Amino acid sequence: MKINDFILKEIKALSLNSTIKSAQKLCNDLPITHIPVVENNRLVGCLPESDIQTLENNDGTLREYTYLLDHFYTNENATLLDLISLFADNDSNLIPVLDKSLYYVGYYELSDILDAFANSPFLHYESDTLIIDKNKTDYSMSQVAQIVEASNGKLLGAYISSENINSVEVTLKIVSEEINEIIQTFRRYGYNVITQHEDDFYLEELKDRAAYLRKYLDM
């Protein structure tokens, strides 16, 4: 299933002419942290539920409260990990989706994205994890992949887990029956192998972030 298959349209976006009362009713009926506000199919912003419930002028319109809008969205090319980060960064359980012309097309829900993440082969594939370190000027992702593949390994994923002015630390997810050979090869090429263990550090970090996001599912 493609990530775009999770785009929803069930919750109708509000407009600037929508009343505060209608926004409050929507939040009372649904466990959402934000409501998309759209004008002429263009996203104006996302109105936080926490602010909506503090407004007393029920007959007023959202046009009077545009200063409360948060501004975040994603596009149709977003990846699963992009979305997880976006949900966490904005403390939201709903992310608006815009097409390439920046027209509003729907939204992603946190619960759907977490389910897709939890069921992904990347999360469950048995593998080894290496954390390597090298000077920034000498680091090359193509060389990293070449070292792994030259020893009949498969590089399933990689990300920069730490960096400073001089060096970069990279976490690798690798499938190989010759992990020790790969470690020795990295060392021959001047990489410092910081750690190698059975528990996948990268996936544990992603799991922790997903667990943090799940608090919104209990609303």
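This is a predicted model, so every value here is computed, not measured.

Attention now moves to the nonpolar core. Judged by nonpolar contacts, the single largest core of 24 residues is most densely connected at Ile35, Leu47 and Leu62. Elements represented by at least two residues in this core include exactly helix H1 (20-29), strand S1 (34-39), strand S2 (42-48), strand S4 (94-98) and strand S5 (104-109). No other element matches H1, which puts 4 residues into this core. Not counting chain neighbours up to four residues away, the residues in contact with leucine 47 comprise Thr33, His34, Ile35, Val37, Ile52, Leu62, Leu68 and Leu69.

The next thing to look at is the sheet that holds S4. As summarised here, the arrangement of the 3 strands in space is S3-S4-S5, forming an open sheet in which the pairing is mixed. Since the sheet does not close on itself, it has two edges, and those belong to strand S3 (74-75) and S5, each with one partner. Relative to S5, S4 runs antiparallel, the two being bridged by 5 bridges. Across the sheet, proline 96 pairs through a bridge with tyrosine 107, a residue of S5.

Of note in the backbone geometry, asparagine 40 takes a positive phi value of approximately 50° without being a glycine. When you line up the elements, asparagine 40 lands in the loop between S1 and S2. Although it is not a glycine, leucine 102 sits at a positive phi angle of roughly 70°. In this structure, leucine 102 sits in the loop between S4 and S5. For leucine 102, a relative accessible area of 44% gives the class partly exposed.

Further remarks concern the packing of helix H3 (residues 80-89) against helix H4 (residues 110-118). Relative placement of two packed helices is described by the angle separating their axes and the distance separating the axes. Following both chains from N to C, one finds H3 and H4 inclined at 135°, their axes separated by 10 Å at the closest point. As far as their axial angle goes, H4 and H3 are oblique. The way H3 lies across H4 gives a crossing that is left-handed. Counting all contacts with H3, which are made through Leu80, Leu81, Leu83, Ile84 and Phe87, the residues of H4 involved are Leu110, Ile113, Ala116 and Phe117. Residue composition of the contact of H3 with H4, by class: 9 nonpolar, no polar and no charged.

Moving on, we come to the environment of threonine 185. When you line up the elements, threonine 185 lands in helix H7 (residues 179-188). Here the alpha-carbon distance between threonine 185 and valine 148, two residues 37 residues apart in the chain, equals 8.6 Å. Those residues within four positions of threonine 185 in sequence are excluded, and the remaining contacts are Ile147 and Ser151. In this structure the side chain of threonine 185 is engaged in a polar contact, spanning 3.1 Å, whose partner is the side chain of arginine 188.

Procedures and definitions
- Residues numbered from 1 in each chain as written.
- Predicted model: local features only at pLDDT ≥ 70, side-chain atom pairs only at ≥ 80, totals over all residues.
- Heavy atoms only, no water.
- Core = buried A, V, L, I, M, F, W, Y, C linked by side-chain atoms within 4.5 Å.
- Buried < 20%, exposed > 50% of the residue type's maximum accessible area, 1.4 Å probe, protein only.
- Helix = DSSP H or I, 4+ residues; strand = E, 2+ residues; numbered from the N terminus.
- Contact = heavy atoms within 4.5 Å.
- Pairing = 2+ DSSP bridges.
- Axes fitted to C-alpha atoms, helices over the stretch in contact; angles between N-to-C directions.
- Parallel < 35°, antiparallel > 145°, perpendicular 65-115°, else oblique.
- Left-handed = near helix turned anticlockwise from the far one by under 90°.
- Nonpolar A, V, L, I, M, F, W, Y, C, P; charged D, E, K, R; others polar.
- Polar contact = N/O pair within 3.5 Å; in protein donor to acceptor, adjacent residues only side chain to side chain.

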